[in-house]
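Structural features, examined
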Amino acid sequence: MLKALLLENVHPHAVSILGSAGIEVDARPGALDESDLIDALSGVHLLGIRSKTQVTETVLEKASDLLAIGAFCIGTNQIDLVSSAGRGIAVFNAPFSNTRSVVELALAEIVALTRRLTEKNKSLHEGVWDKSADGSHEVRGRRLGIVGYGNIGSQLSVLAEAMGMSVGFFDTADKLALGNARRYTSLEDLLDWADVVSLHVDGRPGNAGLFGEAQFARMRPGSIFLNLCRGFVVDHEALRDHIVSGHLVGAAVDVFPHEPNKRGDEFVSDLRGLPNVILTPHIGGSTEEAQEDIGRFVAGKLRGFLETGSTTLSVNLPPLNLEQAPGTHRLAHLHRNTPGVLATVNRILAEHGVNIEGQLLNTRGELGYVVTDVPGVLSDDVLAALQAMPETVCLRQLG
């Protein structure tokens, strides 16, 4: 029986979907460190994680049975994608499922900080009645600068504009501006313009340290800062300095360079104790709606890969989806992308008298992936010949 290990409180829908496919599921609440993860992956074919569990090359070297990894979140920087691809391990994520949840949290925090709700709340809990409009503003007419105009940044742009904000954005890639949003060609120009700056960049290594002392100093006096993307892109010590000095009037942070592994663990940060800073425990996508959708989406991708070899929306393997011909068996062949591989595969099948009912090939970088439907189960001789090809990375025969 195939086995799946799901960590970090993956939604129960994922358990149901995989279980209905005849997969034995072990669901656990927290993350695992490297050594514990290696032990837990013995005999496991599918791994499901969120953002805390680090799937390193060392882990992958030891996980000899692993076929696919599901990141039940947007980011995949916690997974060694190159090493997993080189072992034929498909990786899937949920690039769209929690977009709305993150955007709504960002909007709520922009309103709260612009109206100084955190400070008013703290004063009233301390018994101090401070009824004053000083420093409180409507978001209508304020200028929102979005750094990173992907799925989340672009949707934030649309909703913020609907609330009456002026929107500008900066992205290293060419992106279509939605509505009346204005594209800035440099981060510095965006910071000179914006009243509110919100980060929505991805987890690529080049974004490490993206926002530090120089960027905070460039922001307009009295502006607000939000980070709901990746913890390692921001210098939190510099952020604290600019909050304490009064240069920035507020901040909201949902992600941190070092986060506890599980619920209830101590959280340490330079930003603790500041009344005009909203701290949330990496919950941008943690709504019941988003987690339910993520659980269903990623589990469906994992099940599809096991049953049909489909790699549609895989982040590390060539994307491919071939409708299977009735009554056929399927051969999924991942290989190094060199000339003549497909011809060799077909020659081996022809030499063993195997007819091809359907076939599709796609490539991505150094890898090629071909799915072939044949009339019946392939013999051991055929499989051995295909496996012996020097270009073969991974070979699977599916029902």
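The structure contained in this document is the topic of the report that follows.

Conventions and cut-offs
Residues numbered from 1 in each chain as written. Predicted model: local features only at pLDDT ≥ 70, side-chain atom pairs only at ≥ 80, totals over all residues. Heavy atoms only, no water. Helix = DSSP H or I, 4+ residues; strand = E, 2+ residues; numbered from the N terminus. Buried < 20%, exposed > 50% of the residue type's maximum accessible area, 1.4 Å probe, protein only. Areas by Shrake-Rupley, 256 points an atom, 1.4 Å probe, with all protein chains shown as cover. Lys, Arg positive; Asp, Glu negative; His and termini not counted. Charge placed at Lys NZ, Arg CZ, Asp CG, Glu CD. Pairing = 2+ DSSP bridges. Contact = heavy atoms within 4.5 Å. Axes fitted to C-alpha atoms, helices over the stretch in contact; angles between N-to-C directions. Disulfide = S-S within 2.5 Å. Phe/Tyr/Trp six-rings, centres within 6.5 Å; stacked < 30°, edge-to-face > 60°. Lys NZ or Arg CZ within 6 Å of the ring centre and 35° of its normal. Right-handed = clockwise from strand over helix to strand, strands pointing away. Salt bridge = Lys/Arg side-chain N within 4 Å of Asp/Glu carboxyl O. Polar contact = N/O pair within 3.5 Å; in protein donor to acceptor, adjacent residues only side chain to side chain.

The next thing to look at is the overall build of the protein. Regarding its fold elements, the protein presents 13 helices and 16 strands. In the protein, buried positions account for 49% of the 399 residues. Of the accessible surface of the protein, which amounts to about 18400 Å², a share of 50% is contributed by carbon and sulfur atoms. Placing the 34 positive and 48 negative side-chain charges of the protein at their respective mean positions leaves the two points 6 Å apart.

Let's shift gears to the sheet that holds strand β8 (residues 182-183). The parallel open sheet is built from seven strands, whose spatial order is β8-β7-β6-β9-β10-β11-β12. Where the open sheet ends on each side, the last strands, each with one partner, are β8 and β12 (277-279). For strand β7 (residues 166-170) and β8, the ladder comprises two bridges, and the chain directions are parallel. Across the sheet, F169 pairs through a bridge with R183, a residue of β8. Lying on the sheet, helix α7 (residues 151-162) is in contact with β6 (143-147), β7 and β9 (196-199); it crosses β6 at an angle near 170°. Across the face of the sheet, helix α10 (residues 236-244) comes into contact with β10 (223-227), β11 (248-253) and β12 while running at roughly 145° to β11.

Here we take up the state of the cysteines. Evaluated as defined, the whole model comprises zero disulfides. For C229, which is in no disulfide, the shortest distance to another cysteine sulfur is to C73 and amounts to 14 Å.

Spatially, five strands are ordered β2-β1-β3-β4-β5 in an open sheet, and the strand pairing comes out parallel. A strand with exactly one partner marks an edge of an open sheet, and here the two such strands are β2 (24-27) and β5 (90-92). The sheet shows a mean angle of 15° between the axes of neighbouring strands, taken without regard to direction. Two strands pair when backbone bridges link them, and strand β1 (residues 3-6) and strand β3 (residues 46-49) are joined in this way by three bridges, in the parallel orientation. Among the inter-strand pairings, A4 is bridged to a residue of β3, identified as L46.

What follows concerns the side chain of T76. Checked against the element boundaries, T76 lands in the loop between β4 (68-71) and α4 (81-86). Not counting chain neighbours up to four residues away, the residues in contact with T76 comprise A71, L81, V91, N93 and V315.

Here we take up the packing of aromatic side chains. Considering all chains together, one arrives at seven aromatic pairs under this definition. Taking the centre distance of 5.5 Å and the plane angle of 35° together, the rings of Y184 and W193 count as tilted. With respect to class, Y184 is no different from W193; both count as buried. Ring centres of F211 and F225 lie 5.0 Å apart, and the angle between their planes is 35°; this geometry places the pair in the tilted category. Of this pair, F211 sits in the loop between β9 and α9 (213-218) while F225 sits in strand β10, and the two are 14 residues apart along the sequence. With respect to burial, F211 and F225 carry one shared label: buried. In textbook terms, an aromatic cluster arises when at least three aromatic residues are bridged by ring pairs, as seen for F211, F216 and F225. Stacked on the ring of F305, the Lys or Arg R396 has its end atom at 4.3 Å from the ring centre.

Note: β1 against β2, four bridges, orientation parallel. Bridging across to β2, L6 finds its partner in A27. For the handedness criterion, the β-α-β arrangement of β1, helix α1 (residues 12-20) and β2 is classed as right-handed.

Attention now moves to the side chain of E8. Among the secondary structure elements, E8 is positioned in the loop between β1 and α1. Despite its burial, E8 pairs with no opposite charge, the nearest such side chain being K52 at 5.3 Å. At a separation of 3.0 Å, a polar atom in the side chain of E8 contacts the main-chain amide nitrogen of R50. Polar side-chain contacts of E8 include one of 3.4 Å to the backbone nitrogen of S51. Discounting residues that sit within four places of it in the chain, E8 has contacts with R28, P29, G30, A31, I49, R50, S51, K52 and T53.

Here the phi dihedral of N9 falls at roughly 60°; this positive angle occurs in a residue that is not glycine. By secondary structure assignment, the location of N9 is in the loop between β1 and α1. Even without glycine at this site, L313 takes up a positive phi of about 70°. Among the structural elements, L313 can be located in the loop between α11 (288-308) and β13 (329-336). When its relative accessible area of 39% is taken as the criterion, L313 is described as partly exposed.

Where charged atoms from two side chains of opposite charge approach closely, those side chains can pair. In total, this model carries 18 salt bridges according to the counting rule given. The residue D171 makes a salt bridge to K175 at a minimum N-O spacing of 3.5 Å. Taking relative accessible area as the criterion, D171 reaches 11% and is therefore assigned buried. Between R330 and D373 there is a salt bridge, with its nearest N and O atoms 2.7 Å apart. With R330 in strand β13 and D373 in strand β15 (residues 367-374), the pair connects residues that are 43 residues apart, well separated along the chain. Both residues of the pair, R330 and D373, belong to the buried class. When salt bridges with common partners are traced through the structure, they connect R143, D195 and R220 into a single cluster.

Functional significance is not addressed by these values, which are geometric in nature.
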